[in-house]
Number of protein chains: 2
Amino acid sequence: MDRKASEADPKGILAAVLTPMDEDLKPDHETFAAHCHRLLAAGCHGLSVFGTTGEANSLSVNERLAALEALIESGVPMETLLPGTGSCALTDTVRLSRAALEAGATGVLVLPPFYYKGVGDDGLFRFFAEVVERVGDERQRLYLYHIPQMTGVDLGLPLISRLIDAYPGVVVGTKDSSGDRERIMTLCREFPDFSVFAGTETLLLETLQGGGEGCISATVNVTSRLTRRVYDAHAAGKDDEAEALQERLTQLRASIEAYPVIPALKQLMARLTGDKQWRNIRPPLSSLDEKRTNDLLSNVPLAELL
Amino acid sequence: MDRKASEADPKGILAAVLTPMDEDLKPDHETFAAHCHRLLAAGCHGLSVFGTTGEANSLSVNERLAALEALIESGVPMETLLPGTGSCALTDTVRLSRAALEAGATGVLVLPPFYYKGVGDDGLFRFFAEVVERVGDERQRLYLYHIPQMTGVDLGLPLISRLIDAYPGVVVGTKDSSGDRERIMTLCREFPDFSVFAGTETLLLETLQGGGEGCISATVNVTSRLTRRVYDAHAAGKDDEAEALQERLTQLRASIEAYPVIPALKQLMARLTGDKQWRNIRPPLSSLDEKRTNDLLSNVPLAELL
């Protein structure tokens, strides 16, 4: 089964969408929906809400479900959504995944359970197998979310291979936030029918050249236009233009990455929209202090953003 | 304020209680309550339900609340309970803590949020501060749960000191599962009014001698009687007897610790009670296979357990 053949599956540029919060640190549904609409208008093919960047694991399940409901009501096209549904608890991931698929999301992005460490591939396999079987929805497209610097859990290639074999047409892709270029190239090469998204737009062009689908990235919250231009130049076979744009994009990303990324992005959104509420962030993350914020705002080329 | 002076605060031997599960991996409330009653009868001063051993982070918030409700209904004395209420999400920890305190629990054992890594002390401080203030219950006694091998988060002494200073009479103790003897001794020495529990009965006598309160331990699910004898011998000033009993206890613990502890304890419970359902465990944890189970059952002195 060639899953890449499906037009419905996500591809290209996806923002790992920030979650704006009010003064009480509750998700601000109106600003969230407006941000999603703006990202699509700026060139994103899709939206990966409720991931690491979205502080999803700092939200309760009910808060995630309510925010998803608000997006639906705002008219964000559901087929653009690849929501994160990962959690430590099997029952939470099943509940979130069912809700996302019933709403019409194109798939779900699932972390490995990340509380216990060193659990071994059998336990991780059993977790994903239970998710697939309990969700029991033929629309299910499950993307494995690899981000070992947060989870402390390695999704190794033997495990990925075992999951693809066990659930063809269901376990169909991955977001790889390891930052490991070699691993991403190996995934593209060894699993040609598996959709590989780099977790950073720095590796976008290489991922596309290697046969991957694109990127799902935090910084795309503010780099959508330029990131989309790299994608389009590559798709049009304009290799030199794609390389030149990728170089600019890599520099732009680096100027943001010099700071803690999620707080930096929230400061940039506050500056770009004039809405100071964008600075709010749930603990354990912290806002950038004034000095670092001023550094950030003077070092990032604001005119190139959004 | 000398929090140690309060009779209501937990002290002594607390089991980090296992959560038995049915074939569908749902918590089995009846077996859970029976196990809690048996642990108290076997000498436990208290019960730390919903911790690492209890697979609490593999359960949804609603599953934790329903299991707590079942314990209340079964007549487990609420003043013996120190439930874990830790999660990655501020709102979940607040909800769980409120429910535990309203039910009459003696305190709550709170993990640092463990999804994000390297967040810094300010973010961790703000998390605990928000928990204390949002729970807003004068009965609140918050115990910091330090288990860096799972959380990937360090609760350093400067952070602990800052929390004690900010919330005297609320942030009153810790369970330290680092296994770091020096750290536990330092905590006892530097924070004399702070209740220090070792996360293993191997360090019980040293912790008591250093001025700590006792231990909260996984293996106490099956070692309660002997662990209590160490505590009582120490309390009675029978130092030689306490040392000898501690030595036996350390050997007993070591015989279990040679295996993955939670699966091993569930196998031991299945053997000791004759109830095979005790083997059930949620992914990502896995049951011991037959060979390791046979090894375990032949290497652990079963007659000394429970």
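Cut-off values and rules
Residues numbered from 1 in each chain as written. Chains lettered and ligands numbered in written order. Predicted model: local features only at pLDDT ≥ 70, side-chain atom pairs only at ≥ 80, totals over all residues. Heavy atoms only, no water. Least-squares fit on C-alpha atoms with pLDDT ≥ 70 in both. Contact = heavy atoms within 4.5 Å. Phe/Tyr/Trp six-rings, centres within 6.5 Å; stacked < 30°, edge-to-face > 60°. Helix = DSSP H or I, 4+ residues; strand = E, 2+ residues; numbered from the N terminus. Buried < 20%, exposed > 50% of the residue type's maximum accessible area, 1.4 Å probe, protein only. Salt bridge = Lys/Arg side-chain N within 4 Å of Asp/Glu carboxyl O. Patch = residues over 30% accessible without salt bridge, like charges linked within 9 Å, V, L, I, M, F, W, Y side chains within 5 Å. Areas by Shrake-Rupley, 256 points an atom, 1.4 Å probe, with all protein chains shown as cover. Lys, Arg positive; Asp, Glu negative; His and termini not counted. Charge placed at Lys NZ, Arg CZ, Asp CG, Glu CD. Buried area = accessible area lost by both parts, 1.4 Å probe. Polar contact = N/O pair within 3.5 Å; in protein donor to acceptor, adjacent residues only side chain to side chain. Nonpolar A, V, L, I, M, F, W, Y, C, P; charged D, E, K, R; others polar. Expected span 1.5 Å × (residues − 1). Disulfide = S-S within 2.5 Å.

**Section: the relation of the copies chain B and chain A**
Taken as rigid bodies, chain B and chain A are interconverted by a rotation of 180° and an axial shift of 0.0 Å, the fit giving an RMSD of 0.0 Å. Considering both components of the superposition, the chain copies are consistent with a two-fold axis. Both copies contact each other with a shared surface, as 100% of the interface residues of chain B are interface residues in chain A too.

**Some thoughts on the packing of aromatic side chains**
Under the counting rule described, the total for this entry stands at 13 aromatic pairs over all chains. Taken together, a centroid distance of 5.0 Å and an interplanar angle of 65° make the contact between A:Tyr115 and B:Phe114 edge-to-face. Here B:Phe114 lies in the loop between strand S3 (108-110) and helix H4 (121-135) and A:Tyr115 lies in the loop between strand S3 (108-110) and helix H4 (121-135), a pairing that spans two chains. Since its relative accessible area comes to 0%, B:Phe114 is described here as buried. On the basis of an interplanar angle of 90° and a centroid distance of 5.8 Å, the ring pair of A:Phe127 and A:Phe128 is categorised as edge-to-face. Within the aromatic cluster, the residues linked to one another by ring pairs are A:Phe114, A:Tyr115, A:Tyr116, B:Phe114, B:Tyr115 and B:Tyr116.

**Details of the pattern of salt bridges**
Counted by the stated rule, this structure contains 30 salt bridges over all chains. A salt bridge links A:Lys26 to A:Asp24, with the shortest nitrogen-to-oxygen separation between them at 3.0 Å. Relative accessible area serves as the criterion here: at 45%, A:Lys26 is assigned to the partly exposed category. For A:Asp24, a relative accessible area of 37% puts it in the partly exposed group. Residues joined in a network through salt bridges with shared partners are A:Asp24, A:Lys26, B:Glu130 and B:Arg134.

**Overview of a negative patch on the surface**
Together, A:Asp239, A:Asp240, A:Glu243 and A:Glu247 give the surface a local cluster of negative charge. Turning to its location among the elements, A:Asp240 is positioned in helix H10 (residues 239-257).

**A closer look at the interface of chain B and chain A**
Contact residues are listed per partner, giving 43 residues for chain B and 43 residues for chain A. Where chain B abuts chain A, roughly 3,400 Å² becomes buried across the two surfaces, and 57% of that area is made up of carbon and sulfur atoms. Considering only the side of chain B, the residues that lose the most area to chain A are B:Tyr115, B:Tyr116 and B:Pro284, jointly responsible for 24% of the buried surface there. Linking chain B with chain A are two salt bridges. Remark: the boundary between chain B and chain A carries 20 residue pairs in polar contact (both at pLDDT 80 or more). In terms of residues, the side of chain B that touches chain A owes the most to one element, H4(B), which gives seven residues. For the side of chain B that touches chain A, the residue count by class is 22 nonpolar, 10 polar and 11 charged.

**Points about helix H11 (residues 261-273) of chain B**
Residues and elements named next belong to chain B. The first and last C-alpha atoms of H11 sit 18 Å apart over 13 residues, in line with the 18 Å expected at 1.5 Å per residue. Within H11, burial applies to Ile 262, Pro 263, Ala 264, Leu 265, Lys 266, Gln 267, Leu 268, Met 269 and Ala 270. Turning to H11, the residues buried within the fold contact helix H1 (29-41), helix H9 (220-235), helix H10 (239-257) and helix H12 (290-299). Of the residues trailing H11, Gly 274 is marked for its positive phi of about 75°.

**Section: the environment of A:Phe32**
Residues and elements named next belong to chain A. By secondary structure assignment, the location of Phe 32 is in helix H1 (residues 29-41). In this structure Phe 32 comes out as buried when scored by relative accessible area, which is 1%. Separated by 272 residues in sequence, Phe 32 and Glu 304 have C-alpha atoms that sit 22 Å apart. Contact partners of Phe 32, with chain neighbours within four places excluded, come to Val 17, Leu 18, Thr 19, Pro 20, Val 49, Phe 50, Ala 67 and Leu 71.

**As for the state of the cysteines**
Residues and elements named next belong to chain A. One pass over the structure, following the stated rule, counts zero disulfides over all chains. With no disulfide of its own, Cys 215 lies 8.6 Å from the sulfur of Cys 44, the closest cysteine sulfur. Classification of Cys 215 as buried rests on a relative accessible area of 0%.

**A look at the side chain of A:Thr19**
Residue and element names in this part refer to chain A. As for its position among the elements, Thr 19 is in the loop between strand S1 (12-16) and H1. Judged by relative accessible area, which is 1%, Thr 19 ranks as buried. There is a polar contact of 2.7 Å between the side chain of Thr 19 and the backbone oxygen of Gly 54. Each residue touching Thr 19, except ones within four places of it in the same chain, is listed here: Pro 27, Phe 32, Thr 53, Gly 54, Glu 55, Leu 59 and Lys 266.

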